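# Architecture and fold: a report
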Amino acid sequence: MQIWTGTAFMHTTEAVPVARMLDEAGFDGIVVSDHMIYPRHLTSPYPSPTGKPMWTPETAWPDSWVLIGAMAAVTQRIRFTNAVYIAPARPLLEVAKQVATAAVLSADRVALTVGAGWMREEFDVMGQDFTNRGKRLDEMIQALPALWQGGWVSWRGKHYQVPELMLEPHPSNPVPIMCGGESDAALRRAARLCDGWVGNAYTWEDAAQKVTQLNTMRREYGREHEPFEIMLALRDPPTVETFTRAEDLGVTAVMCRPWATTDGIASGAHHGLELPAERYREPIERFAENVLAKIP
C-alpha cells in the first residue's frame with residue numbers, strides 16, 4: 001500500500017520544504033493540483049452539488065511541472081503526480097516537453113494524471129477547443145508515449161499532427177499515464193487507455209463501487225491482467241487498519257493529509273512563524289511514527 005499526500009491549498013513557498021519533510025518521513029508520493037486561471041466571470045458549473053468551486057478566486061495554483069521540478073530537486077525517493085492535470089487545455093507538445101523534462105530531472109519519479117477539465121473559460125484563454133476536449137485527451141494519451149521515445153519522433157492523428165522532430169530530453173523509462181475524474185467517460189478512459197485512475201474522497205461503499213466498476217471495464221477491454229494503479233482518499237481516519245482494508249479492496253494508493261486537523265494550517269494562519277512550513281513538521285513526523293512505520 002502506498003501513502004500519498006498533496007500540496008493543494010498550501011502557500012506556494014511551503015510546498016518545497018514540506019516535500020523534503022515528506023520524503024524524509026517515508027511517504028510514497030505527492031499529488032499536485034492544477035488550474036491556470038480563475039476568470040472574473042465564471043459561468044462554467046463546477047462538478048459538485050452546489051455547482052460552485054470550494055476555493056476563492058485568489059487561491060494560488062502554482063504550475064504543476066515547475067512545482068514538481070522544484071520538489072524533485074530537494075528530495076531523493078518520493079514520487080509525484082497530479083490530481084489532476086488539465087492536459088487538453090494545453091498544446092500537445094507543451095505537455096510532452098514539460099512532463100519529459102520533469103521525468104528526467106526527477107530520475108523517473110513522475111507520473112502524469114490527466115483530466116478533461118470542467119472550466120470552459122480556462123480553455124478559451126489558452127486557445128484550446130473545449131467542446132472536443134475528451135476526444136483530444138484520448139488521442140493525447142496515445143500520442144505522448146510516441147513523442148517520448150527519443151530520436152526522431154512524430155504523430156499523425158485526427159486532432160494532432162506532429163511532423164518528424166526531436167523532442168529532448170526524453171524519459172529513459174515510460175512515464176505512467178493515469179486518468180482522474182468520476183464520470184463514466186473518465187472511468188472508461190482510465191480502463192481503456194491508462195496505467196491507473198486517481199479518484200476523490202469516498203466512503204467505503206463508494207470506494208468499493210469505483211473499484212468494481214473499473215475492474216469490470218478493464219475486463220471489457222481485455223486489460224484485466226495488466227498492472228493498474230487505483231489511488232483515492234477515504235473518509236475514514238487514516239489508520240493502519242484503514243489502509244490495510246483499502247489494500248484488500250484493491251486500492252493501491254491512499255491519499256491523506258496528516259496535518260488536516262492541525263490548528264492553523266488548513267486556514268493558512270501561521271501565527272508569525274519565521275518559516276511557516278515548519279508547522280507541518282510535527283504532524284508529518286507523528287503520522288510517520290504512528291502509521292507509516294506500522295504498515296506491513
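Cut-offs applied
Residues numbered from 1 in each chain as written. Predicted model: local features only at pLDDT ≥ 70, side-chain atom pairs only at ≥ 80, totals over all residues. Heavy atoms only, no water. 1 Å grid on protein atoms, 1.4 Å probe; cavity = no way out; pocket = protein on both sides within 12 Å on 5 of 7 lines; lining within 4 Å. Points joined across faces, edges and corners; volume = space filled by probe spheres on them. Helix = DSSP H or I, 4+ residues; strand = E, 2+ residues; numbered from the N terminus. Nonpolar A, V, L, I, M, F, W, Y, C, P; charged D, E, K, R; others polar. Salt bridge = Lys/Arg side-chain N within 4 Å of Asp/Glu carboxyl O. Buried < 20%, exposed > 50% of the residue type's maximum accessible area, 1.4 Å probe, protein only. Pairing = 2+ DSSP bridges. Axes fitted to C-alpha atoms, helices over the stretch in contact; angles between N-to-C directions. Parallel < 35°, antiparallel > 145°, perpendicular 65-115°, else oblique. Left-handed = near helix turned anticlockwise from the far one by under 90°. Contact = heavy atoms within 4.5 Å. Right-handed = clockwise from strand over helix to strand, strands pointing away. Phe/Tyr/Trp six-rings, centres within 6.5 Å; stacked < 30°, edge-to-face > 60°. Arc of directions from axis to C-beta. Disulfide = S-S within 2.5 Å.

### Considering the layout of surface pockets
The volume enclosed by the second largest pocket comes to roughly 180 Å³. Lining the second largest pocket, in full, are Gln2, Trp4, Arg79, Ala111, Pro176, Met178, Asp195, Pro227, Phe228, Glu229, Met231 and Ala253. Of all the elements in the fold, those that place two or more residues in the lining of the second largest pocket are strand S1 (2–6) and strand S9 (229–234). Residue classes in the lining of the second largest pocket are distributed as eight nonpolar, one polar and three charged.

### Points about the pattern of salt bridges
Following the criterion strictly, the structure yields 11 salt bridges and no others. Residue Arg77 pairs with Asp23 through a salt bridge whose shortest N-O separation is 3.9 Å. Of this pair, Arg77 sits in the loop between helix H2 (64–73) and strand S3 (79–82) while Asp23 sits in helix H1 (residues 15–25), placing them 54 residues apart in sequence. Judged by relative accessible area, which is 40%, Arg77 ranks as partly exposed. What makes Asp23 buried here is its relative accessible area of 9%. Counted as one network, the salt bridges with shared partners bring together Asp23, Asp28 and Arg77.

### Some remarks on the sheet that holds strand S4 (residues 112–114)
Spatially, S3-S2-S1-S10-S9-S8-S7-S4 is the arrangement adopted by the eight strands of the open sheet, whose pairing is parallel. Taken across any chain shown, the strands that pair with only one partner, and hence form the sheet edges, are S3 and S4. Taken over all neighbouring pairs, the strand axes of this sheet differ in orientation by 30° on average, direction set aside.

### Points about the packing of H1 against H2
For the pair H1 and H2, the least separation of the axes is 9 Å and the interaxial angle reads 45°. Judged on the interaxial angle alone, H2 and H1 are oblique. The chirality of how H1 crosses H2 is right-handed. Here H1 contributes Ala15, Val16 and Ala19 to the contact with H2, which in turn contributes Leu67, Ala70 and Met71.

### Regarding the pairing of strand S8 (residues 196–202)
Residues in a regular strand project their side chains so that they alternate between the two faces of the sheet. Counting buried residues along S8, five of its seven residues qualify, which places the element largely inside the surrounding structure. Of the strand pairs in this sheet, strand S7 (residues 177–180) and S8 are connected by three bridges, and their pairing is parallel. Following the sheet pairing, Gly180 is matched in S8 by Val198. Running through helix H6 (residues 184–193), the crossover from S7 to the neighbouring parallel element S8 is right-handed. Sheet topology note: the S8/S9 ladder contains five bridges and is parallel. In the sheet register, Gly196 faces S9, and the bridge partner there is Glu229. Once you follow S8 into helix H7 (residues 204–220) and on to S9, the crossover reads as right-handed.

### Observations concerning the packing of aromatic side chains
According to the stated counting rule, one finds 10 aromatic pairs in the structure shown. Between Phe27 and Phe287, the aromatic rings sit 5.5 Å apart at their centres with planes inclined by 20°, giving stacked as the arrangement. Taken as a pair, Phe27 in the loop between H1 and strand S2 (29–32) and Phe287 in helix H9 (residues 281–290) lie far apart in primary sequence, 260 residues in all. Residue Phe27 is classed as buried on the basis of its relative accessible area of 0%. On the numbers, 5.4 Å between centres and 85° between planes, the contact of Tyr46 with Trp55 is edge-to-face.

### Quick word on H9
Think of an α-helix as turning once every 3.6 residues; residues three or four places apart then point the same way. For H9, every residue scored as buried is listed here: Pro283, Ile284, Phe287 and Ala288. Along the long axis of H9, the arc covered by the buried residues comes to 135°, so they all point the same way. Where H9 is buried, its residues contact S1, H1 and helix H8 (240–249).

### As for empty space enclosed by the protein
Enumeration over the complete set of coordinates arrives at two cavities of 30 Å³ or more. Reported here for the largest cavity is a volume of approximately 90 Å³. If you trace the largest cavity, you find 13 residues lining it, with Thr7, Ala8, Ala60, Pro62 and Leu67 closest to the centre.

### A few points about the state of the cysteines
Enumeration according to the criterion identifies zero disulfides in this entry. No disulfide involves Cys194; its sulfur sits 4.9 Å from the nearest other cysteine sulfur, which is in Cys179.

### Here's the deal with unusual backbone geometry
The amide bond that connects Ala83 to the next residue, Val84, takes the cis arrangement and shows omega of -10°. Examined against the element boundaries, Val84 turns out to sit in the loop between S3 and helix H3 (92–105). Cis geometry is adopted by the peptide bond preceding Pro169, which originates at Glu168 and carries an omega value of 5°. The topology assignment puts Pro169 in the loop between strand S6 (161–166) and S7. At Phe9, a position not held by glycine, the phi torsion is positive, near 70°. Take Phe9: it is sitting in the loop between S1 and H1. For Asp108, which is not glycine, the phi dihedral falls at a positive 65°.

These figures capture arrangement, not role.
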